[in-house]
Amino acid sequence: MLLSWPATCPYCDESFEMLIDSSVGSHATWEDCPQCCAPIQVRVTVSPFSGELEDVMLGQDDDVF
């Protein structure tokens, strides 16, 4: 299931909507900022019990989650 998530680029502080696929469970991926094209590290946390989206963390490419 694709969910719309309000996001802010950790590089340029531009706000944008990100589509999150919660059907694959918790995962990490990369998304390019639509404004500055910087690589954003994305960590998605999905509840293993309910399948509900719990949290989305965004970071710069050198951040460690």
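What counts and how
By convention here, each chain's residues receive numbers from 1 onward along its written sequence. Local features in a predicted model are, by the rule used here, given only for residues with pLDDT of at least 70; side-chain atom pairs are given and counted only at 80 or more, and totals for whole chains, interfaces and linings are based on all residues. In computing side-chain values, all of the structure's heavy atoms are included and hydrogens and water are not. Under the scheme used here, helices are H or I runs from DSSP no shorter than 4 residues and strands are E runs no shorter than 2 residues, and both carry numbers assigned from the N terminus. Two N or O atoms count as a polar contact when they lie within 3.5 Å, although within protein this holds only if one can serve as hydrogen donor and the other as acceptor, and sequence-adjacent residues are included solely when both atoms are side-chain atoms. Take the buried Ala, Val, Leu, Ile, Met, Phe, Trp, Tyr and Cys residues and link them wherever side-chain atoms come within 4.5 Å; each set so joined is a nonpolar core. Here the term buried applies to any residue with accessible area under 20% of the maximum for its type, exposed to any over 50%, and partly exposed to those in between, with areas from a 1.4 Å probe on protein chains only. Residue contacts are defined here by distance: any two heavy atoms, one from each residue, within 4.5 Å place the two residues in contact. Each pair of strands is called paired provided DSSP finds at least two bridges between the two strands. Each axis is a line fitted through C-alpha atoms, and for a helix only the stretch in contact is used; angles between axes span 0 to 180 degrees, taken between their N-to-C directions.

Caption draft 1: Seen up close, the environment of Asp63. When you line up the elements, Asp63 lands in the segment after β5 (53–59). In the structure, Asp63 is positioned 23 residues away from Ile40 in sequence and 9.6 Å away in space, judged by C-alpha atoms. Within the local environment of Asp63, its side chain forms a polar contact with the backbone nitrogen of Gln60, the two atoms lying 2.8 Å apart.

Caption draft 2: The nonpolar core, seen in detail. With 12 residues, the main nonpolar core is built from Ala7, Cys9, Phe16, Met18, Ile20, Cys33, Ile40, Val42, Val44, Val46, Leu53 and Val56. Those elements that provide at least two residues to this core are β2 (15–21), β4 (39–46) and β5. Looking at which element gives the most residues to this core, the answer is β4, with four residues.

Caption draft 3: Quick look at the environment of His27. Residue placement: His27 occurs in strand β3 (residues 27–32). A relative accessible area of 24% means that His27 is categorised as partly exposed. Other than its neighbours up to four places away in sequence, His27 contacts Asp21, Val42, Arg43 and Val44.

Caption draft 4: A look at the sheet that holds β4. Read from one edge of the open sheet, three strands run β3-β4-β5, paired in antiparallel fashion. Bordering the open sheet on either side are β3 and β5, each of which pairs with just one other strand. Recorded for the sheet is a direction-independent mean angle of 25° between the axes of neighbouring strands. Bridge count for β3 against β4 is six bridges, and the pairing is antiparallel. Bridged to His27 within β4 is Val44.

Caption draft 5: Quick peek at the pairing of β5. With six bridges connecting them, β4 and β5 associate as antiparallel partners. Along β5, the bridge assignment pairs Gln41 with Gly59. Adjacent in sequence and paired antiparallel, β4 and β5 are bridged by six residues, among which Gly51 carries a positive phi angle near 80°.

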